[in-house]
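An overview of the molecular structure
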Amino acid sequence: LKAVHVVPGVTAREMCSYFWDVRYRMDWEFTIDQAPTVLEVCGDDTVVLYQVYKRVWPTTQRDSVFWSHIRQVSTRFPPGQSKDNSTSSVDGTRTHHRSLSVDSWSRPEERTVHPVGLDLVSRLPALLGQTGAHGSDDVDGVLDSWMVVNMSTDYLADKVPPSTSPTIRLGLDVILYCQTVLAPVADKTSTRNLFSRDRLRTRLVYIANINPGGWVPAAGLRTLARREYPRFLKRFSAYVQEQTRDKRPMF
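Fair warning: this is a prediction, and the values are worked out from it, not measured in the lab. (Residues numbered from 1 in each chain as written. Predicted model: local features only at pLDDT ≥ 70, side-chain atom pairs only at ≥ 80, totals over all residues. Heavy atoms only, no water.)

For the rest of this paragraph, the subject is the pairing of strand S2 (residues 37–43). The pairing of S2 with strand S3 (residues 46–52) spans 5 bridges and is antiparallel. Bridging across to S3, Val41 finds its partner in Val47. The antiparallel hairpin formed by S2 and S3 contains 2 residues in its connecting segment. (Pairing = 2+ DSSP bridges. Helix = DSSP H or I, 4+ residues; strand = E, 2+ residues; numbered from the N terminus.)

If you walk through the whole model with that rule in mind, you get 12 aromatic pairs. With 5.9 Å between their ring centres and 15° between their planes, Phe232 and Phe236 make a pair best called stacked. Within this pair, Phe232 and its partner Phe236 are both found in helix H5 (residues 218–244), separated by 4 residues, close to a single helical turn. Taking relative accessible area as the criterion, Phe232 reaches 11% and is therefore assigned buried. In this structure an aromatic cluster arises from ring pairing among Phe19, Trp28, Tyr206, Tyr229, Phe232 and Phe236. (Phe/Tyr/Trp six-rings, centres within 6.5 Å; stacked < 30°, edge-to-face > 60°. Buried < 20%, exposed > 50% of the residue type's maximum accessible area, 1.4 Å probe, protein only.)

What follows is about the pattern of salt bridges. Enumeration over the complete set of coordinates arrives at 5 salt bridges. Across the salt bridge formed by Arg197 and Glu14, the nearest N and O atoms sit 2.6 Å from each other. Remark: Glu14 occurs in helix H1 (residues 12–20) and Arg197 occurs in the loop between strand S7 (171–182) and strand S8 (200–211); sequence separation between them is 183 residues. An identical accessibility class is assigned to Arg197 and Glu14; each is buried. (Salt bridge = Lys/Arg side-chain N within 4 Å of Asp/Glu carboxyl O.)

Bear in mind that shape data such as this cannot, by itself, settle questions of function.
Shown next, in the form of structure tokens:
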């Protein structure tokens, strides 16, 4: 299932950074019992995580092992330069700035879930309703685009800390794709506050395929997702807006 949403006053990079960075997970993710365990840091843009979810009675508790990757998909800024001349992350202590083409993306071994293929990733700008030539997002108003991909994997599954209670390993396949959009100004001769937050919007697509493991009715799972996806996006968007309200926009 997928959901489309618009968030005023934030950038695509800010949305993706708070979604990807494990340090902020407990601030907005209410389905987990504790902060995820980082099994391996594969680089500035990729980590392998172990995550335990809150138990919903009377079902067995779920956990997951997945790799999480963040990247800049496109930008209209000069190469190597953002609008604030900064490549720092949300708090300035980490760099998330490896920009690779979608076609070069390869992923580690994953569990048995319905994968989101590269053909779907290449169509993500079209899901937001406005694309340029050949399906790109190089259109007026779109400054850049970022994405986070989370995919289940068996890699490092043997490193998972032992659990004191029974768990079932779920499979997940998640994409958060965001575009920064700059609203037009009435006075085109003025350059003051060109990138002020009141002119910024983030358009996003959230796609998630979850295999909960065990036996769960598919119809019930779809109904739950349709109800919870919008709630999650509103809650997470409000969190990012609050965290970035008094900060310079990060591109």
